Amino acid sequence: MRRSACLIFNPVAGQGDPELELGQIRAMLEPEIDLDIYYTTEEIDADQLAYAAVERGVDAIIASGGDGTLSAAAAAVVGTDIPFGIISRGTANAFAAALGIPDTIAVACETILQGKTRKVDIGYCNDQPMVLLAGIGFEAETVERADRSAKNRFGMLAYVLAGFQELRNFQTFDVEIETEDKIIKTTAAAVTVANAAPPTSVLAQGPAGIFVDDGLLDLTIVAPVSKAGAIAATFHLFQTASTGTAVERNDIGYLRGKQFKITTDPPQKVVVDGELVGTTPIEVRCVPAGLTIFVPTVEEEVLTEKLEGLPNLTVELKETADNGE
Ligand SMILES: Nc1ncnc2c1ncn2[C@@H]1O[C@H](COP(=O)(O)OP(=O)(O)OP(=O)(O)O)[C@@H](O)[C@H]1O
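If you're wondering where the values come from, they're calculated on a predicted model, not measured in any experiment.

A look at the sheet that holds strand E10 (residues 190-194)
Strand order in the open sheet formed by six strands is E12-E11-E10-E7-E14-E15, and the pairing between neighbours is antiparallel. Edge strands, defined here as strands with exactly one partner in the open sheet, are strand E12 (252-257) and strand E15 (275-279). Ignoring strand direction, the axes of neighbouring strands in this sheet form an average angle of 20°. Here six bridges tie strand E11 (residues 217-222) to E12, and the two strands are oriented antiparallel to one another. Residue Asp-218 lies in a different strand from E12, and its bridge partner there is Arg-256.

In structure tokens, the structure reads:
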């Protein structure tokens, strides 16, 4: 039987020529898959189109655009078993990088044509689906700076430039992190909760690896006390991310868990999958195997927890703790 799919296409994502790109996608997929194509508009987002496609009972949903489009469309298929195809055409393409999906149109289409699927975890941040990560503090401020016109002019460099500008406003905040069995308090410049993260999301790279099918979220606390410390900590994270090792600096901590409740003083901006969504407090939880995607497999490793050395750290064991899980 011939396959069919709903293709959700953002015509303004990234810096390429959308007509050419759609032509390439159709030329590759249509010989084998009947495509029902929908464009996102300024008013109609990818999630609306994807929810409507789920209602119609489509066989598969393929989303093509930047991380915002992919993440929004993915939200609609959570818990449905409808396979989700990813064709990245954005600026950062963190979504594809984190899930190990090739970010060229040709190879992404090839992945969908091969038809191999796997289940991955999905997070919820205050009831909003989150495929990649929630960033509090530094990352959120950086994303806000790298606006559409900056991305059009500078592409990926817009995020790097925004990061450097943001360092000038270096600020820390008090944070309280409640897990299933602990309450952790410290002072931080950035707190990141990742379901999946590409190596370029350096602020998420405390642990030696972030796995998208382990049923757990990885939380990284970056807590430098000065701009120089922030640069050194970021560089260390960049290095450990490239080599796949865990961090060793006192101003970086990490832990894993199924859910985290995070409060900050003062309230901080929050970015979920690259889009600004509001401010703290947030509650983030993991839904194991909530999403079925067309993707190659990713290896799994065992991770540990490291909190010692963080400034003003208190860790209080909760009386109701269920350590046995
Ligand atoms: N036809 C359209 N015209 C104008 N804006 C659109 C249209 N379709 C989608 N959008 C907007 O595009 C944004 C999503 O962009 P997306 O994340 O796909 O691309 P990007 O910004 O190039 O990529 P990245 O997030 O990787 O930088 C949403 O804010 C959405 O409202």
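From this point, the discussion proceeds with the structure in view.
A short note on the UniProt feature "domain: DAGKc" (unreviewed entry) in the protein chain
Under the feature "domain: DAGKc" (unreviewed entry), the UniProt entry names residues 1-129. Its end C-alpha atoms 33 Å apart, residues 1-129 is made of 39% helix and 27% strand.

Some details on the packing of helix H2 (residues 46-56) against helix H3 (residues 67-77)
A packed helix pair is summarised by two numbers, namely the angle formed by the two axes and the spacing between the axes. Where H2 meets H3, the axes come as close as 7 Å, and the angle between the chain directions of the two elements is 30°. As summarised for this structure, H2 and H3 are arranged roughly parallel, according to the angle between their axes. As for the relative orientation of H2 and H3, their crossing is right-handed in sense. Counting all contacts with H2, which are made through Ala-46, Asp-47, Ala-50, Tyr-51 and Val-54, the residues of H3 involved are Thr-69, Ala-72, Ala-73, Ala-75, Ala-76 and Val-77.

Digging into empty space enclosed by the protein
In the structure shown here, the tally under the stated rule is one cavity of 30 Å³ or more. Considering the residues around the largest cavity, the lining is formed by ten residues, among which Phe-138, Leu-203, Val-222, Ala-230 and Thr-234 are closest to the centre. A class-by-class count of the residues in the lining of the largest cavity yields nine nonpolar, one polar and no charged.

Examining the site of the ligand
Residues in contact with the ligand amount to 21 residues; listed here are only the nearest, Gly-14, Thr-40, Gly-66, Gly-68 and Thr-69. With respect to the ligand, the backbone of Gly-14 contributes an N or O atom lying 2.7 Å from an oxygen atom. Taking Asp-67, its main chain carries an N or O atom lying 3.4 Å from an oxygen atom of the ligand. Within the complex, 79% of the 660 Å² of free accessible area of the ligand lies under protein.

Section: the packing of aromatic side chains
Counted by the stated rule, this structure contains one aromatic pair. Arranged with centres 5.9 Å apart and planes meeting at 85°, the rings of Phe-9 and Tyr-39 form a pair that is edge-to-face. Taken together, the positions of Phe-9 in strand E1 (residues 3-9) and Tyr-39 in strand E2 (residues 33-39) put the pair 30 residues apart, joining distant regions of the chain. Look at Phe-9 and you get buried, because its relative accessible area is 1%. When its relative accessible area of 45% is taken as the criterion, Tyr-39 is described as partly exposed. One Lys or Arg, Arg-89, reaches over the ring of Phe-9 and ends 4.0 Å from the middle of that ring.

Considering helix H1 (residues 18-29)
When the terminal C-alpha atoms of H1 are compared, their 16 Å separation across twelve residues agrees well with the 16 Å that a helix rising 1.5 Å per residue should span. Among the residues of H1, those classed as buried are Glu-21, Leu-22, Ile-25 and Leu-29. Burial along H1 is one-sided: seen end-on, the buried residues are contained in an arc of 95°. Those residues of H1 that are exposed and aimed more than 90 degrees away from the buried face are Glu-19, Leu-20 and Ala-27. On its buried face, H1 sits against E1, E2, strand E3 (61-65), strand E4 (84-88) and helix H5 (105-114). Structurally, the start of H1 carries an N-cap: the backbone nitrogen of Glu-19 is 3.0 Å from a side-chain oxygen of Asp-17.

Let's talk about the domain arrangement of the protein chain
Taken as a whole, the protein chain is organised into domain 1 (3-115) and domain 2 (130-288). A C-alpha centroid distance of 27 Å is found between domain 1 and domain 2.

Some words on the nonpolar core
Counting 40 residues, the largest nonpolar core has Ile-61, Phe-84, Phe-95, Leu-99 and Leu-291 as the members making the most contacts within it. For this core, the secondary-structure elements that each account for two or more residues are E1, H2, E3, H3, E4, helix H4 (94-99), strand E5 (117-125) and strand E16 (282-294). With six residues, H3 is the single largest residue contributor to this core. Each of domain 1 (3-115) and domain 2 (130-288) accounts for three or more of the residues forming this core. Ile-184, Phe-260, Ile-262 and Cys-286 belong to the second-largest nonpolar core, a separate cluster that totals 25 residues.

What about the pattern of salt bridges?
Applying the stated criterion across every chain yields a total of twelve salt bridges. With a shortest N-O distance of 3.5 Å, Asp-214 and Arg-256 are connected by a salt bridge. Note that Asp-214 is positioned in the loop between E10 and E11 and Arg-256 in strand E12, a separation of 42 residues in sequence. Overall, the relative accessible area of 17% leaves Asp-214 in the buried class.

Quick word on the confidence of the model for the protein chain
On average, residues of the protein chain score 86 in pLDDT, and 88% of them are at 70 or above. Contacts of residues 297-302 to residues separated by more than four positions or lying in other chains number nine contacts, the stretch itself having pLDDT below 50. Under the prediction, the complex receives an ipTM of 0.95, its pTM being 0.80.

Calculation notes
Residues numbered from 1 in each chain as written. Predicted model: local features only at pLDDT ≥ 70, side-chain atom pairs only at ≥ 80, totals over all residues. Heavy atoms only, no water. Pairing = 2+ DSSP bridges. Helix = DSSP H or I, 4+ residues; strand = E, 2+ residues; numbered from the N terminus. Axes fitted to C-alpha atoms, helices over the stretch in contact; angles between N-to-C directions. UniProt positions renumbered as here; feature names shortened; annotations may be inferred. Parallel < 35°, antiparallel > 145°, perpendicular 65-115°, else oblique. Left-handed = near helix turned anticlockwise from the far one by under 90°. Contact = heavy atoms within 4.5 Å. 1 Å grid on protein atoms, 1.4 Å probe; cavity = no way out; pocket = protein on both sides within 12 Å on 5 of 7 lines; lining within 4 Å. Points joined across faces, edges and corners; volume = space filled by probe spheres on them. Nonpolar A, V, L, I, M, F, W, Y, C, P; charged D, E, K, R; others polar. Near = heavy atom within 4 Å. Polar contact = N/O pair within 3.5 Å; in protein donor to acceptor, adjacent residues only side chain to side chain. Areas by Shrake-Rupley, 256 points an atom, 1.4 Å probe, with all protein chains shown as cover. Phe/Tyr/Trp six-rings, centres within 6.5 Å; stacked < 30°, edge-to-face > 60°. Buried < 20%, exposed > 50% of the residue type's maximum accessible area, 1.4 Å probe, protein only. Lys NZ or Arg CZ within 6 Å of the ring centre and 35° of its normal. Expected span 1.5 Å × (residues − 1). Arc of directions from axis to C-beta. Domains from an automatic or database assignment. Core = buried A, V, L, I, M, F, W, Y, C linked by side-chain atoms within 4.5 Å. Salt bridge = Lys/Arg side-chain N within 4 Å of Asp/Glu carboxyl O. pLDDT = per-residue confidence, 0-100.

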